[in-house]
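Here's the letter readout for the chains.
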Amino acid sequence: MKMPCELIVSEILPTARGELARQLVIRHDLTQAKVAKMFGVTSAAVSQYIKGLRGGNSYIENSIYRVMFFNKIVSSADMMIEGANFADVLCDICCFVKSIGMVDEIYAMQGAKEDLNKCLECPRDNFNP
């Protein structure tokens, strides 16, 4: 079984990036090149996100939290338009999916019996320079 951070990286963040790319290009009229620069990927990768060739996930599509997740992506795209850093937006999405129970739900969909999400505390929250 994957650890919570691994699950988020493999199952949640690709879908978040894909939907963020769609929101920024379609709803906010940014170019694919601009979004690629914001994300630190190629324009081809952004094109694949927009076409749905990257980022789809059946766990999210079948989640009871699906609408909440996609609403969060819409507000996250708005935050990026207002100047928020891409890394900070992804961190915010990560914290959000943990807080609403989506990570626990995906574990359950994958057949986990224990609550693996409880072992996770974000190192970013506990960082003291």
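Refer to the preceding data block for the structure.
Keep in mind it's a predicted model, so treat the numbers as computed, not measured.

Enquirer: Pulling in residues and values, what's your account of the packing of helix α1 (residues 4-27) against helix α3 (residues 43-51)?
Expert: The geometry of a pair of packed helices is captured by two quantities: the angle between their axes and the separation between those axes. Where α1 meets α3, the closest approach of the two axes is 8 Å, and the angle between their N-to-C directions is 90 degrees. Here α3 runs roughly perpendicular to α1, going by the angle between their axes. On α3, the residues touching Pro14, Arg17, Gly18, Ala21, Arg22, Val25 and Ile26 of α1 are Val46, Tyr49 and Ile50.

Enquirer: Outline unusual backbone geometry, supporting the account with residue identities and numerical values.
Expert: Residues other than glycine seldom take positive phi values, yet aspartate 29 does so here, at roughly 60 degrees. Tracing the chain through its elements places aspartate 29 in the loop between α1 and α2 (32-39).

Enquirer: Which residues make up helix α7 (residues 102-109), and what values do they have?
Expert: Taken residue by residue, α7 has Met102, Val103, Glu105, Ile106 and Tyr107 as its buried positions. The elements touched by buried residues of α7 are α1, α4 (58-61), α5 (66-81) and α6 (86-100). At the C-terminal side of α7, glycine 111 shows a positive phi close to 95 degrees.

Enquirer: Describe the packing of aromatic side chains, with residues and values.
Expert: Applying the stated rule across the entire model yields 2 aromatic pairs. Centre to centre, the rings of phenylalanine 39 and phenylalanine 86 are 4.1 Å apart; their planes meet at 15 degrees, and the pair counts as stacked. Within this pair, whereas phenylalanine 39 is found in helix α2, its partner phenylalanine 86 is found in helix α6, the two being separated by 47 residues in sequence. For phenylalanine 39, a relative accessible area of 8% puts it in the buried group. The buried category is assigned to phenylalanine 86, whose relative accessible area is 12%. Judged by centre distance (5.2 Å) and plane angle (85 degrees), the rings of phenylalanine 69 and phenylalanine 70 are edge-to-face. The same class applies to phenylalanine 69 and to phenylalanine 70, which are both buried.

Enquirer: How would you explain α2 if you had to name every residue and give the values?
Expert: Taken together, the buried positions of α2 are occupied by Val35, Ala36 and Phe39. The arc that holds every buried residue of α2, seen down its axis, measures 105 degrees, which confines them to one face. Buried-residue contacts for α2 involve α1, α3, α5 and α6. The positive-phi residue at the C-terminal boundary of α2 is glycine 40, with phi of around 75 degrees.

Calculation criteria
Starting afresh in each chain, residues are numbered from 1 along the sequence in its written order. Confidence filtering applies because this is a predicted model: local features only for residues at pLDDT of at least 70, side-chain atom pairs given and counted only at 80 or more, and all residues used for totals across whole chains, interfaces and linings. Here the side-chain values reflect all heavy atoms present in the structure, with hydrogen atoms and water set aside. All axes here are fitted lines through C-alpha atoms, helices being fitted over the stretch that makes contact, and every angle between N-to-C directions spans 0 to 180 degrees. Put simply, DSSP H or I for four residues or longer makes a helix, DSSP E for two residues or longer makes a strand, and each gets a number counted from the N terminus. Just so you know how the angles are binned, under 35 degrees is roughly parallel, over 145 roughly antiparallel, 65 to 115 roughly perpendicular, and the rest oblique. We call two residues contacting when some pair of their heavy atoms lies within 4.5 Å. The buried label goes to any residue with under 20% of its type's maximum accessible area, the exposed label to any with over 50%, and the partly exposed label to all in between, with areas taken from a 1.4 Å probe on protein chains only. Two aromatic rings, drawn from Phe, Tyr or Trp (for Trp, its six-membered ring), form a pair once their centres lie within 6.5 Å of each other, and the interplanar angle then sorts them: stacked below 30 degrees, edge-to-face above 60, tilted otherwise. For this quantity, the arc is that covered by the directions from the helix axis to the C-beta atoms.

Everything listed here is a matter of coordinates, which is why it stays silent on function.
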